[in-house]
Structure formats: C-alpha cells, structure tokens
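# A structural walkthrough
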Amino acid sequence: MIKVDEQISAVRRHVGTRVLDAGEARVVTLGQTYDATVDEVWDAVTNPERISRWFLPVSGDLRLHGRYQLEGNAGGTVERCDPPRSYAATWEMGGEVSWIEVRVTGEADGRTRFELEHIAHVDDVRWAQFGPGAVGVGWDMGLLGLALHLTSGDIPDRDEVNAWVTSEDGRRYMTLSSELWGEASAASGTDPAEARAAADRTTAFYTGVPGEPGDAS
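The rules behind these values
- Residues numbered from 1 in each chain as written.
- Predicted model: local features only at pLDDT ≥ 70, side-chain atom pairs only at ≥ 80, totals over all residues.
- Heavy atoms only, no water.
- Helix = DSSP H or I, 4+ residues; strand = E, 2+ residues; numbered from the N terminus.
- Rg over C-alpha atoms; globule rule 2.2 N^0.38 Å.
- Buried < 20%, exposed > 50% of the residue type's maximum accessible area, 1.4 Å probe, protein only.
- Contact = heavy atoms within 4.5 Å.
- Polar contact = N/O pair within 3.5 Å; in protein donor to acceptor, adjacent residues only side chain to side chain.
- Pairing = 2+ DSSP bridges.

The subject of this paragraph is the overall build of the protein chain. Each helix and strand in the protein chain was counted, giving 8 helices and 8 strands. Computed over C-alpha atoms, the radius of gyration of the protein chain comes to 17 Å, within 12% of the 17 Å expected from 2.2 N^0.38 for 217 residues, which places it in the range of a compact globule. Projecting the C-alpha coordinates of the protein chain onto the three principal axes gives extents of approximately 45 × 40 × 35 Å. Classification of the 217 residues of the protein chain by burial places 41% in the buried group. Nonlocal contacts in the protein chain, meaning residues at least 24 apart in sequence, comprise 55% of its contacts between residues at least 6 apart.

You can see T207 is positioned in helix α8 (residues 192-207). For T207, the side chain forms a polar contact with the main-chain oxygen of T203, separated by 2.7 Å.

Structurally, Q32 can be placed in strand β2 (residues 23-34). Classification of Q32 as buried rests on a relative accessible area of 5%. Considering only alpha carbons, one finds Q32 and E79, 47 residues apart in sequence, at a separation of 24 Å. Beyond its immediate sequence surroundings of up to four residues, Q32 is in contact with Q7, A10, V11, T112, R113, F114, L143 and A147. One polar contact links Q32 to Y34, side chain to side chain, over a distance of 3.2 Å.

When strand β1 (residues 12-20) meets β2, the two strands line up antiparallel, connected through 9 bridges. Along β2, the bridge assignment pairs R18 with A25. Here β1 folds back onto β2, and the loop between the two strands holds 2 residues.

Structural data, given as structure tokens:
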C-alpha cells in the first residue's frame, strides 16, 4: 500500500542554478534516504533488470560512454561513472538535451541516501509557465517506485500502476508533489505568487484537475 503523505514527506527538494559552457542552467535536485545498503541502492539504480522493475524498461549499454534508452521516454549517453557512488548521463528527449547526476551515499545508521540532479537549459517563458515541477513531479514518481522496489523487490503490474496514477491517491500524490516544487521554487527566489501559479498549471498538466492546495478531488 502506498502511503502518500509518508512518501511525499520523505523526499527533500531543492531548486538552483549552475553555469555550464552554454550558459546558466536550472538545477532540480531531490533525494531520499532508504533503509538499504549502498551496494543495494547502487545495484537498483544501475542494473538494467532492476531499473525496469521500479522505473521503466531500459535497453542499451549502461557503461561509461554507452548509450541507453528508456522505453517511451528519454535516452542518452553515460558520461561519468564512479561505482558505487555516482554517475552522470545525458538526458535526451524531444530533440532537447539535459543532464542527470546521481549520487549514492552511505549514512551512519547503515541506511543510504539517494540524490538526483536534473540539469537543463530552460527558457524563461517555459520556466514561468510550469517551474521545476515540470520534471520534478515525474522524478517524485520515480523515487516512489524506487522506495516500493527497495521495500518489496516486486515487479509492479503496469496495469495496476496506471490505475493508481489516475486514482484519487495518485492524483493527490502528484498534486502534493507539484505544490512542494512550487515551494522549493519560491525558496530559490521566484516570486511566491508566480511559483504557486506555475505549480497550479503543473498540477493540471499531470492530473487534469486544477484543484485547490492539497485537494486532488
């Protein structure tokens, strides 16, 4: 059973910027600590067979300089790999290129911290329209899948997953995620009213229901 409030609260979200060769880029960062070892989490996020269990089916060569392709989604090239601590790859989709960086860090209590950064050049118009939630909500769904996988190890039934996404709980999860990304955007310096408006548009995009804060009905 998915505990919406517990999972949403377990994730830490941050919005920032980074200067790349092509200019300033937006950086969306999220992370969660899991009750698993570093080796277990690293295998879950780098082993193609396991990635397919909690995220999407993936093909290609998941090695340094190898190409990968997520089914129906992004593909790219593995640019850096430092097992079992971190890797970086391009994220190519819809004719655009952005980047992801993943870090896996052991904590003193034997648990493991997973962090992901999505770095992208986003024009001001699109950023004003949707803000960080445009990618942040999708990654929140990914961390939910990883949490369930590390807990049970089961391969999810795709029909059940699709049914949950369109359920009241699924819409509520995406709504809360969108709102928290709006708060992270405001904390980074975006005008709070503009951040909230962008979050509302993101909520509507993902759920089809504009709704009020915390209300996905």
